[in-house]
Amino acid sequence: MSDVILELNELHTHFFTDSGEVPAVDGVSFKLHKGEVVGVVGESGCGKSVTSLSVMQLVPNPPGRIVSGEVNFKGENIAVAREKRMKEIRGNEIAMIFQEPMTSLNPVYSIGNQLIEAVRMHKKVSKKEARNKAIEMLEIVGIPRPSEVVDEFPHQLSGGMRQRVMIAMAMSCDPEVLIADEPTTALDVTIQAQILDLMRNLNKEQDTAILLITHDLGVVAEMCDRVVVMYSGQVVEEGTVREILKDPKHPYTKGLIRSLPKLYEKEQKLYSIPGTVPKPSMDHVGCRFAPRCEFAWDRCVEENPDLYELGAERKARCFLYDEKEKVTEGGPQYDEADPRG
Ligand SMILES: Nc1ncnc2c1ncn2[C@@H]1O[C@H](COP(=O)(O)OP(=O)(O)OP(=O)(O)O)[C@@H](O)[C@H]1O
Ligand code: SF4
Ligand SMILES: [Mg+2]
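### Overview of the packing of aromatic side chains
- Tallied over the entire structure, the rule returns four aromatic pairs.
- Chaining the aromatic ring pairs together yields one cluster made of Tyr231, Tyr252 and Phe289.
- The aromatic ring of phenylalanine 319 is capped on one face by arginine 299, whose charged end is 3.8 Å from the ring centroid.

Printed below as a string of C-alpha cells:
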C-alpha cells in the first residue's frame, strides 16, 4: 500500500552482553499507515522499547545494535542512515515521547529555549516570533501561566506538565510520525486522559501517525486503529483494535484480554497468565509461549511457528492457524474448547 509511512521489515536488534547475545527484537515486521494510530502491546521485557529505540537508532551501543532488517520511513531505510540524517529525522519528521520526559528535556535550558529551538529548526521565524509561538503551544497543551512557564526549567514542572511540554515540542515540529513509549504510565488517571486527548488531537488535526507503546489495553481500546502484540522479541498477533479485543486469535492475546478487569462485574477476581515472559535467547526452540500455553502440543515445543496470515494485516504466530494442522493426524483436538473462537 502506498500510504505506508513507516515499515519495519524483519528487524533484529541484539544486545551483546557478558552473559551472551540477547535477541531483544527478533525479526519484527509491521506497518504504520499515514494518519493511523497503531498500538504495540505486550508484557514487560517483550521488546517494545527496544523496537521503538531501534526506529530512531537510539539503542545504546554498546551493548546493543541493529544486526539486520529494515526500518523504511517513506521508502528510505533509516536503519542504516548516518547520524547526520538521523539528527534531521529525530524530533522533526519523527518525534518521540517517553514515559519519563525528564530524560528527553535538557535540564540546563529553560522550557522556552527548548521549544524555541524546536520551532526555529522547523520554520524560519525570528526569536521573538518563535517565543510567541512557544507560549501559544504551551497554552494549547493546557499549561497554566504559559508566559511564565516558558522561562522555567524542567525540574520546576510536575511529571504531567513535563509530558505536556514534550507534546508541545512534538506538535511544534509537525512530525509525520509520533512514537510514544508508555507516555502516560507515570501519570495519574485524570492527567493521563488529558495527555491522551492531546495525542488524539495531534493525530486528527495534523494527521500525525502514532506508534503507541503501552501495556495498558484500556489505552489501546481508546486510542488505536490497529494493534501489534509482541511476545519475547517477536510479533505474535496483529489486527484491528476491534479484532484484537473482540476476537483475539493467539492464546497469549486471549490471556491478555482475559486479564482485563471487567466493568460492572461484582466479583473482581483478576485472571493473570501464569508464568513469565522468557528472556530472549539465541537458543530458543519451539513456540516461545509454549511453557504458558494451555493449548500446547508436541509440535509447539519442537518448532517455532510462523506468523500465519489470517487476512489483510491480520496475523497470528500459532500452529493452531496452520492450515496443515486441520488435516494432520495427531494434531490438536479443538472440538471442546476451540481456542480459534
Ligand atoms: N541495555 C541492555 N542490555 C542488555 N539487555 C537489554 C538492554 N536493554 C534491554 N535489554 C533486554 O531487551 C529485552 C526487551 O526490553 P524492552 O525494554 O524493549 O522491553 P519492554 O517491552 O519495553 O518492557 P517494559 O514494558 O518493561 O518497558 C529485555 O529482555 C531486556 O532484558
Ligand atoms: S503454537 Fe502452540 S504453544 Fe504456541 S501459542 Fe500456539 S498452541 Fe500455544
Ligand atoms: Mg519499555
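Having seen the model, we can carry on.
### Things to note about the site of ligand 2
- Near ligand 2 lie 14 residues; those nearest to it are Cys287, Cys293, Cys300, Cys318 and Phe319.
- In this structure, ligand 2 is accommodated by the largest cavity.
- Of the residues assigned to the shell around ligand 2, the class counts are 13 nonpolar, one polar and no charged.

### So, the sheet that holds strand 8 (residues 209-213)
- Read from one edge of the open sheet, eight strands run 6-7-8-3-9-10-12-11, paired in mixed fashion. Across the chains shown, the open sheet's two edge strands, defined by having one partner strand only, are strand 6 (94-97) and strand 11 (308-311). On average, adjacent strands in this sheet sit at an angle of 20° to one another, irrespective of strand direction.
- Where strand 10 (residues 234-240) and strand 12 (residues 314-316) come together, two bridges link them in antiparallel fashion. Looking at strand 12, one finds that glutamate 238 is bridged to lysine 315.
- Across the sheet, helix 6 (residues 159-172) lies against strand 6 and strand 7 (177-181), angled at about 180° from strand 6, the strand it touches most.

### A word on the sheet that holds strand 2 (residues 20-33)
- An order of 2-1-4-5 is seen for the four strands of this open sheet, with the pairing classed as antiparallel. In this open sheet, the two strands that pair with only one neighbour each are strand 2 and strand 5 (76-77).

### Re the site of ligand 1
- Around ligand 1 sit 14 residues in total, of which Ser44, Gly45, Lys48, Ser49 and Val50 are the nearest.
- Within the side chain of lysine 48, an N or O atom sits 2.8 Å from an oxygen atom of ligand 1.
- One of the side-chain nitrogen or oxygen atoms of lysine 279 is found 3.0 Å away from an oxygen atom of ligand 1.
- For ligand 1, the protein covers 70% of the area, taking 640 Å² as the surface of the free molecule.
- The greatest single-element share of the shell around ligand 1, amounting to three residues, is contributed by helix 1 (residues 48-55).
- Here the shell around ligand 1 is built from residues that sort into six nonpolar, five polar and three charged.

About the criteria used
Residues numbered from 1 in each chain as written. Chains lettered and ligands numbered in written order. Predicted model: local features only at pLDDT ≥ 70, side-chain atom pairs only at ≥ 80, totals over all residues. Heavy atoms only, no water. Phe/Tyr/Trp six-rings, centres within 6.5 Å; stacked < 30°, edge-to-face > 60°. Lys NZ or Arg CZ within 6 Å of the ring centre and 35° of its normal. Near = heavy atom within 4 Å. 1 Å grid on protein atoms, 1.4 Å probe; cavity = no way out; pocket = protein on both sides within 12 Å on 5 of 7 lines; lining within 4 Å. Sits in = over half its atoms within 2 Å of the grid points. Nonpolar A, V, L, I, M, F, W, Y, C, P; charged D, E, K, R; others polar. Pairing = 2+ DSSP bridges. Helix = DSSP H or I, 4+ residues; strand = E, 2+ residues; numbered from the N terminus. Axes fitted to C-alpha atoms, helices over the stretch in contact; angles between N-to-C directions. Contact = heavy atoms within 4.5 Å. Polar contact = N/O pair within 3.5 Å; in protein donor to acceptor, adjacent residues only side chain to side chain. Areas by Shrake-Rupley, 256 points an atom, 1.4 Å probe, with all protein chains shown as cover.

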